[in-house]
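Descriptive structure summary
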Amino acid sequence: MKLSLDTSGLTEVRADALILGRHTDDAKLTPALAAVDKKLGGLLSKVMAAEKFEGKIGQVSHVHTDGRLRAARVLVAGLGPKKDSGAEAVRRAASAAARRARDLGARSAAAYLAAEGVPARARAQATVEGAVLGTYRFDKYLKEKSPKRLDSLVVSEPERRSQAAAENGMRAGETWAAATCLARDLVNEPANVVTPAYLARRAQEIARAGRLGLKVLERADCARLGMGAYVGVAQGSHEPPKFIHLTYKPKGRARKRVVVIGKGITFDSGGLDLKPADGMYRMKDDMSGAAAVLGLFQALPKLALPVEVHGLIAATENMPSGTAQRPGDVVRAMNGLTIEIGNTDAEGRLTLADALAYAAKEIKPDEMLDLATLTGAIVIALGMGLSGVFATDDGLAGRVLGAAEAAGEKMWRLPLHDEYKEGLKSDIADLNNISSQRGGGAIVAGLFMRDFTGGRPWAHLDIAGTAFTERELPLGPKGGTGVGVRTLLAYLSALAGKR
Ligand code: BES
Ligand code: MN
Ligand code: ZN
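Residues numbered from 1 in each chain as written. Chains lettered and ligands numbered in written order. Predicted model: local features only at pLDDT ≥ 70, side-chain atom pairs only at ≥ 80, totals over all residues. Heavy atoms only, no water.

1. Here's the deal with the environment of Glu317
Where we set the bar: Under the DSSP-based scheme used, a helix requires at least four consecutive residues in state H or I and a strand at least two consecutive residues in state E, with every element numbered from the N terminus. Exposure categories follow from relative accessible area, calculated using a 1.4 Å probe and restricted to protein chains: below 20% of the type maximum is buried, above 50% is exposed, and the middle band is partly exposed. It only takes one pair of heavy atoms within 4.5 Å for two residues to be counted as in contact.
Looking at where Glu317 falls in the secondary structure, it is placed in strand S11 (residues 308–318). Using a relative accessible area of 10% as the deciding quantity, one classes Glu317 as buried. Considered as a pair, Glu317 and Glu116 are 201 residues apart in the sequence and their alpha carbons are 48 Å apart. Aside from chain neighbours lying at most four places away, what touches Glu317 is Pro196, Val233, Ala234, Ser237, Glu239, Thr266 and Phe267.

This is the structure:
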């Protein structure tokens, strides 16, 4: 989507659709709506009354202007009640209105979504995020693609003194939304395309374009480093594993060194503990954490944050075969701990264990975060609307939750309850990869991984319920959601002291 800023005034913008906002409790027409309504001889207020437009989030009313305004149509988007106002209200209003504009056949739109208490920069950023994410489509494999698409968006900022802020917000929104769309594309692509080698190639493109550091470790390199847990998962597949290590270093001194790890199982069949058909069908999305990391690294060079960031993806398939890992096998992870394989379908924690151990030993970060479609149990606990957050450090947990809130991604913290570690005991190894006790599966997976963090502050995001959606959401269609990308960007921006 082509973006530009316009300060010429709302009655002057030329576009197929002019998008304006309204809260449920805006007493009368806002000044912007009143000015437009006057030009239209009161048509807008009449239509809103007739359609019982209340200003709820997601609601959109529209009129054709029949030449009485430079814009061909006016769309009014609900911003919800003022007490709930914030960037997310702007995103959702922008998304709903951009979808409506597109479906009406508009190719260009101009938007001014003045929500209570949202300053110009945040407003511009949220407007772009909402419009781009809301109209996202994954149609590359369709012969008949919809001809309706919104090609350009003008962010209107009538306040002249807010022009620079709006420009910055618009560009940030563009970067954040593009990073999210990259993650969505990677998740939506099938597993016969997105292999570990494919992820490594995409990492290479991103590294080249952004002048980032990149190291890709092959199977033998990983074995030499002692990553027996990761290599064990990979041994059942014909697709060679790729351990991807991206590095972003700021120009000046870094305020912090952060590691971000994404689970990168390009297809999870379960291995010899094979999943039933229903449970296996969607398992191309088991690399959603990796997709979020790649999205993040596409954005980082454009944002120039003063933080050193390392991205790790232990990419592999989890397949059954004559060479596959067996239930009951024992492997040794990079930190020396031995693991008995209680279930080959608990493979994510094995790959993440070695990624965490590698990070602690080779990178020595101040903080580590991982994103993983890790457990069915988190879907039982929190459903499809919330990601689970686990952390060994309360400050880190607070910053992650704050970033998620700012990004509009819903997350909820769960405890790393020490007593459940008992269930991970093995008779012949230091740990079993599954618990002998029932319940609390998402917590148990977190406790397992904690043993590989080398005691460094660590947060784990279980995105099994939120990485993929079976129904349309306010900010996107069915399919990959790109969850985590914007939370990570908000998190790192806040560390850098700018958002
Ligand atoms: N990738 C799955 C988790 C998953 C389940 C993601 C549903 C998305 C939707 C993970 O590798 C897995 O298979 N976990 C098992 C662990 C069990 C064997 C301890 C699970 O949750 O059933
Ligand atoms: Mn699995
Ligand atoms: Zn998995």
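2. Here's the deal with the sheet that holds strand S4 (residues 73–78)
Spelled out, the test is: Any two strands with at least two DSSP-identified bridges between them are counted as paired. Helix axes use the C-alpha atoms of the stretch in contact, all axes being lines fitted to C-alpha atoms, and the angles between their N-to-C directions lie in the range 0 to 180 degrees.
Across the sheet, six strands lie side by side as S1-S6-S5-S2-S4-S3; this open sheet has mixed pairing. Strand pairing shows two members of the sheet lacking a second neighbour, strand S1 (2–6) and strand S3 (60–64), which therefore form its edges. Averaged over all pairs of adjacent strands, the angle between strand axes in this sheet comes to 20 degrees, irrespective of strand direction. Direction of pairing for strand S2 (residues 17–22) relative to S4: parallel, over a ladder of five bridges. Note that in S4 the partner of Leu18 across the bridge is Val74. Strands S2, S3 and S4 of the sheet are contacted by helix H3 (residues 87–103), whose axis makes an angle of about 145 degrees with S4.

3. A word on the nonpolar core
Let me state the cut-off plainly: Definition of nonpolar core: a set of buried residues of the types Ala, Val, Leu, Ile, Met, Phe, Trp, Tyr and Cys, connected through side-chain atoms within 4.5 Å.
Counting 60 residues, the largest nonpolar core has Leu294, Leu296, Phe297, Val309, Tyr491 and Leu492 as the members making the most contacts within it. Among the elements that take part in this core, helix H10 (residues 288–303) stands out by supplying 10 residues, more than any other. Setting aside anything within four residues of it in sequence, one finds Leu492 in contact with Val258, Leu296, Leu300, Leu305, Val307 and Val309. Residues Cys222, Val331, Ala333 and Ala353 belong to the second largest nonpolar core, which totals 47 residues.

4. Focus: the coordination of the manganese ion (ligand 2)
The criterion, for reference: Here a donor is an N, O or S atom found within 2.8 Å of the metal, or within 3.2 Å if the metal is Na, K or Ca; sites may look incomplete because water is not among the atoms. Square planar and octahedral sites, with four and six donors, are those where opposite donors lie more than 155 degrees apart and all other angles lie between 65 and 115, tetrahedral sites have four donors with every angle between 85 and 135 degrees, and the rest are irregular.
Protein coordination at the manganese ion (ligand 2) comes from Asp268 (OD), Asp345 (O), Asp345 (OD) and Glu347 (OE), with a distance range of 2.1 to 2.2 Å. The coordination sphere of the manganese ion (ligand 2) comprises six donor atoms, whose angles at the metal cover 71 to 169 degrees; the geometry is irregular. The sequence pattern describing where the donors of the manganese ion (ligand 2) fall on their chain is D-x76-D-x1-E. If you look at the manganese ion (ligand 2) and the zinc ion (ligand 3), they sit 3.2 Å from each other and are both ligated by Asp268. With a gap of 79 residues between them, Asp268 in strand S10 (residues 264–268) and Glu347 in the loop between strand S13 (338–340) and helix H11 (348–363) connect regions that are remote in the sequence. Accessibility expressed as a relative area gives 1% for Glu347, which makes it buried.

5. Let's talk about the site of ligand 1
To be explicit about the condition: We define proximity as follows: a residue is near a molecule or strand when any one of its heavy atoms falls within 4 Å of that partner. We call two N or O atoms a polar contact when they sit within 3.5 Å, provided that within protein one can donate a hydrogen and the other can accept it, with sequence-adjacent residues counted only if both atoms are side-chain atoms. Each residue gets one label: Ala, Val, Leu, Ile, Met, Phe, Trp, Tyr, Cys and Pro are nonpolar, Asp, Glu, Lys and Arg are charged, and the others, such as Gly, are polar.
Residues in contact with ligand 1 amount to 15 residues; listed here are only the nearest, Asp268, Lys275, Asp345, Glu347 and Gly376. In this structure, Asp268 approaches ligand 1 through a side-chain N or O atom, which is 2.9 Å from an oxygen atom. At a separation of 3.4 Å, a nitrogen atom of ligand 1 approaches a polar backbone atom of Thr373. Partitioning the shell around ligand 1 into residue classes produces four nonpolar, four polar and seven charged.

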